[in-house]
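# Architecture and fold: a report
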Amino acid sequence: MSPVADLLDQRRVVLVLGAGGVGKTTVAASLALAAGRAGGRIAILTVDPSRSLASALGLGADQNHATIDVGEGSLDVTVLDPASAWDQLVTRELGSATSLIDNAMYRAVTRNFVHAHDFIAIETLHQLIAAGHDLVIVDTPPSKRAIEFLMAPERLASFFENRALGWFTGTAANPVISVGTRPLVAAANLVLGRGFVTSLAEFFGSVRPLADPIVARAKSVDLLFREGDAAAVVVTSTEPAAIEQCMSLGDELATRGVAWEATIVNRVRQQPPGDPPKQTAIERDLTAVLAGDEGHGPAAFEGLARRATEAWQRSAVAAQYDERAIAPLRDGPPLVIVGDRGPGDLHRAHLASIGDEIVA
Amino acid sequence: MGKTTIAAALAVAAASRARRVLLCDLDGSGATAQALGIGDVGYEPTEATQGLHVMRMDTAAALHHYLRTFTPMAALGRIRPLGRALDLMGGAAPGVREVLALGRLLWAVRTDEYDLVVMDGPATGHVIAYLDAPRSVGTLASGGLLAGQTGWMSELLADHTRCGVLAVALPEEAPAEECCRLIADVSELGSAGLCGAVINRVPLGVPLASDRALLSAIEARDVELPGASHSALQALARERDSDDAARRWIEVVAGCARPAPFWSVPVVAEADVVASLADVLGAEW
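Residues numbered from 1 in each chain as written. Chains lettered and ligands numbered in written order. Predicted model: local features only at pLDDT ≥ 70, side-chain atom pairs only at ≥ 80, totals over all residues.

## Side note on the overall build of chain B
Defined as follows: For the purposes of this entry, the term helix denotes a DSSP run of H or I that reaches at least four residues, the term strand denotes a run of E that reaches at least two, and both are numbered from the N terminus. For the exposure call, what matters is how many other C-beta atoms sit within 10 Å of a residue's own: 20 or more marks it buried, 12 or fewer exposed, and in between partly exposed, using C-beta atoms placed from the backbone. We call two residues in contact if the C-beta atoms placed from their backbones are at most 7 Å apart.
A tally of regular secondary structure across chain B gives 12 helices and seven strands. Among the 285 residues that make up chain B, the fraction classed as buried is 48%. Taking the contacts inside chain B whose residues are at least 6 apart along the sequence as the reference set, 70% of them involve residues at least 24 apart.

Structure (structure tokens):
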């Protein structure tokens, strides 16, 4: 059985990581569908699926949530929408009367602050786990460094626990600023303006009540990442840059204590079948089939035969190239190769065939 | 998408035309230097080849740079707790980090220190945070020294003759859609103009029309040629299919970019991608 099939069967969370443009979202969706077919309550948390991928997962236009039946099981599909996820979290924790949602600083932080997206992804993942799914597949948010997502819980905790932040928030709550804090606040006021520091302080003052529960949940997710219930699967293409990122990601996973259980190499070009073709043989075969057709002269057969031979050779070279590119990964966790399928819409049958190849 | 490769190739092409170029690795991953095949670079620009200067963004260094350039208190950033507090503000306050990074590069444009500044941009999801940062910091942090600097940044960003966003896509579904979303977001925000789209790794443009006609004729016959011939024709048919798909997605991206121009950049051999692309882009110049 494929190493990935075991993971889908036994773990509660499978993190799908990888550089941008390697087909991470497609692979994650294929895994979720494959897991669903095998049975159980499966969830997938995904980010920015393309239109056809979203519709293959049962999502209508502008829809961020759907539950579909797949084979023996069901699949809960959630597309992360950071802005509305934050708003929901804040209303849930602080009550619908909270004015925080209209606070300009809050909006700027949750809409634009880069790490805010990772934080809310962790929070959403916690909700999915708590909802009792047998397995949650996480298509990690795109960022230059795929490891950022795994650092979010720690970053969130250290952010709220930072003493300097306490100084700033303290200045809002307490008009009597301590002597030690004064030059700090003065400098921040100078650079950022008094209004900014005050409203930032107010903002942190009002999110403080959120901090403890969020940090606690983030820590529990972090613990799950490090203990046997979660597994990381790294997706890569055969591009040198992607493979390089894949290997450095592996090192980072190791230092963070997250188990790197498998590598999925996506869109690997395969050796074309058969022996190298001979141009003259192709010409002869073409003539046998098409002779008598109007408009196809021997020159056209000769040209096509030559270019088909060249195409076969290009295809063989590409396959050899990919084989060599993958070689360094063979020393790492088990490799799963997904063959290049050429262009094609990402409908459900396409995803199913990728999933089948991965779990076979 | 090959954003880093395209950024590096643009910079190399411009430098080979005797322009002074600054290429900045924004996310600090070191990928830009790697693409150029040079050793690691730091915040201070390093001259990689004649006229091509490469730097790696570091917002703490940019803050100190900023304080040196714009405040009478050069020593301000050197006071340790102060530096830490401002670093924290940079991390916590929305837009501050982005303004510092963008400001460093726009400053290089403003002072004409370089003829061309190429920013190997952030991941797609973070582009808007950067482009919106001068406005957002200018509004939220009004009255501070930093906000005082955002006015010229916004003006420079919006000046179509000097600044623009170059979107990079691949001729495939997901990247093409992502690129179109980015272009829509950039134009909706309106803080900077789109100067074009580059469609990277476009397949070779084979087969010829006459070959296509023959391939279709054989496919219509529903007969299978003997093994080796079949395999060769299949290889050519696959090239045709990816060419067809690529054309479709190029049309989509070109349509999204319009009226800004777009450039197709072919797949190039792996050895020295940057130099080959620099030739291609140079010829388009």
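## A few points about the overall build of chain A
Put simply, the test is: Only the C-alpha atoms count toward the radius of gyration. The rule for a globule is 2.2 Å times the residue count to the power 0.38.
In terms of helices and strands, chain A carries 14 helices and eight strands. A compact globule built from 360 residues would reach a C-alpha radius of gyration of about 21 Å, whereas chain A, at 26 Å, exceeds it by more than 25%. C-alpha extents for chain A along the principal axes are approximately 95 × 45 × 45 Å. When the 360 residues of chain A are sorted by exposure, 44% land in the buried category.

## Observations regarding the pairing of strand β2 (residues 46-49) of chain B
Counted only if it meets this: In this scheme, strands are said to pair when DSSP sees at least two bridges between them.
For β2 of chain B and strand β3 (residues 52-56) of chain B, the ladder comprises three bridges, and the chain directions are antiparallel. Its bridge partner lying in β3 of chain B, T46 of chain B is registered against V54 of chain B.

## Comments concerning the nonpolar core
As a reminder of what qualifies: Any nonpolar core is a set of buried residues, restricted to Ala, Val, Leu, Ile, Met, Phe, Trp, Tyr and Cys, that join up through C-beta atoms within 7 Å.
Ranked by size, the top nonpolar core spans 167 residues in total, and within it V14, V16, L31, I137 and V233 of chain A together with A11 of chain B carry the most contacts. A per-element tally of this core places helix α10 (residues 194-226) of chain A first, with 11 residues. Once residues within four sequence positions are removed from consideration, A11 of chain B is found in contact with V21, L23, L52 and V118 of chain B. I282 and L304 of chain A together with A228 and A232 of chain B belong to the second largest nonpolar core, which has 16 residues in total.

## A short note on the packing of helix α12 (residues 279-290) of chain A against helix α13 (residues 298-326) of chain A
Residue and element names in this part refer to chain A. Applicable threshold: For helices, the fitted axis covers only the stretch in contact; all axes are lines through C-alpha atoms, and the angles between them, taken along N-to-C directions, range from 0 to 180 degrees. Note on terminology: angles under 35 degrees are roughly parallel, angles over 145 are roughly antiparallel, angles of 65 to 115 are roughly perpendicular, and the others are oblique. It is the rotation of the near helix from the far one that decides the hand of a crossing: anticlockwise by less than a right angle makes it left-handed, clockwise makes it right-handed.
Relative orientation of the contacting elements α12 and α13 amounts to 130°, with a least axis distance of 8 Å. With respect to α13, the axis of α12 lies oblique. Pair α12 / α13 crosses with right-handed handedness. Counted together, Q279, I282, E283, L286 and T287 of α12 and F301, E302, L304, A305, R306, A308 and T309 of α13 form the full contact between these two elements.

## Here we look at the domain arrangement of chain A
Rules: Either an automatic procedure or a domain database provided the assignment from which the domain bounds are taken.
For chain A, the assigned domains read domain 1 (3-159 + 218-269 + 340-359) and domain 2 (279-319). Relative placement of domain 1 of chain A and domain 2 of chain A: their C-alpha centres are 46 Å apart.

## Some thoughts on the sheet that holds strand β6 (residues 194-202) of chain B
Strand pairing in a sheet relies on backbone hydrogen bonds, with the paired strands running either antiparallel or parallel. Residues and elements named next belong to chain B. On the basis of which strands lie adjacent, the open sheet formed by three strands has the order β5-β6-β7 and parallel pairing. Each end of this open sheet is capped by a strand with a single partner; those strands are β5 (165-169) and β7 (262-266). Taking each pair of neighbouring strands and ignoring which way they run, the sheet shows an average axis angle of 20°. Sheet contacts for helix α9 (residues 173-189): β5 and β6; angle to β5, the most-contacted strand, approximately 165°. Of the strands in this sheet, β5, β6 and β7 touch helix α11 (residues 227-257), which is tilted by about 170° from β6.

## Considering unusual backbone geometry
With an omega of 5°, the peptide bond between R258 of chain B and P259 of chain B qualifies as cis. Locating P259 of chain B in the fold gives a position in the loop between α11 and β7. Even without glycine at this site, D62 of chain A takes up a positive phi of about 60°. Mapped onto the secondary structure, D62 of chain A falls in the loop between α3 (51-56) and β3 (65-70). A residue is classified by how many C-beta atoms lie within 10 Å of it, and D62 of chain A, with 8 of them, is exposed. Positioned with a positive phi, R201 of chain B is a non-glycine residue whose angle comes to about 55°. Mapped onto the fold, R201 of chain B is located in strand β6. The exposure class assigned to R201 of chain B is buried, which follows from the 21 C-beta atoms found within 10 Å.

## Quick look at the pairing of strand β1 (residues 21-25) of chain B
Residue and element names in this part refer to chain B. Buried residues dominate β1, accounting for five of its five residues. Across the two faces of β1 the burial is the same, with V21, L23 and D25 and L22 and C24 all buried. Note: β1 against β3, five bridges, orientation parallel. Bridging across to β3, L22 finds its partner in H53. Bridge count between β1 and strand β4 (residues 116-120): five bridges; the pairing is parallel. Along β4, the bridge assignment pairs L23 with V118.

## Concerning the environment of L208 of chain B
All names here are of chain B. Inspection of the secondary structure assignment puts L208 in the loop between β6 and α10 (209-221). Of the residues examined, L208 has 14 C-beta atoms within 10 Å and is grouped as partly exposed. Placed 32 residues apart in sequence, L208 and R240 show a C-alpha to C-alpha distance of 9.0 Å.

## Things to note about the environment of A231 of chain A
Residue and element names in this part refer to chain A. Mapped onto the elements, A231 comes out in strand β6 (residues 230-236). Accessibility expressed as a C-beta count within 10 Å gives 24 for A231, which makes it buried. Between the C-alpha atoms of A231 and K24, which are 207 residues apart in sequence, the distance is 15 Å. Discounting residues that sit within four places of it in the chain, A231 has contacts with L7, R11, V14, A259 and E261.

## Remarks on helix α11 (residues 240-256) of chain A
Residues and elements named next belong to chain A. Definition in use: Any helix carries an expected span of 1.5 Å times its number of residues minus one. By construction, the arc corresponds to the directions joining the helix axis to the C-beta atoms.
A rise of 1.5 Å per residue sets the reference length of α11, with its 17 residues, at 24 Å; its end C-alpha atoms lie 24 Å apart and thus fit the reference within 8%. Taken as a whole, α11 has its buried residues at A242, I243, Q245, C246, L249 and L253. Buried positions in α11, seen along its axis, are confined to an arc of 155° and lie on one side of it. Facing away from the buried surface of α11 by more than 90 degrees, the exposed residues are D251, A254 and T255. Taken together, the buried residues of α11 touch β1 (13-18), β6, β7 (260-268) and α13. Just downstream of α11 lies G257, where phi reads positive at about 75°.

## Quick word on the sheet that holds β1 of chain B
Residues and elements named next belong to chain B. In space, the four strands of this open sheet follow the order β2-β3-β1-β4, with mixed pairing throughout. Of all strands in the sheet, those bounded by a partner on one side alone are β2 and β4. Strand-to-strand twist of the sheet, defined as the mean angle between neighbouring strand axes without regard to direction, takes the value 30°. In the packing of helix α1 (residues 3-15) onto the sheet, contacts are made with β1, β2, β3 and β4, and the angle to β4 comes to roughly 165°. In the packing of helix α5 (residues 96-110) onto the sheet, contacts are made with β1 and β4, and the angle to β4 comes to roughly 165°.

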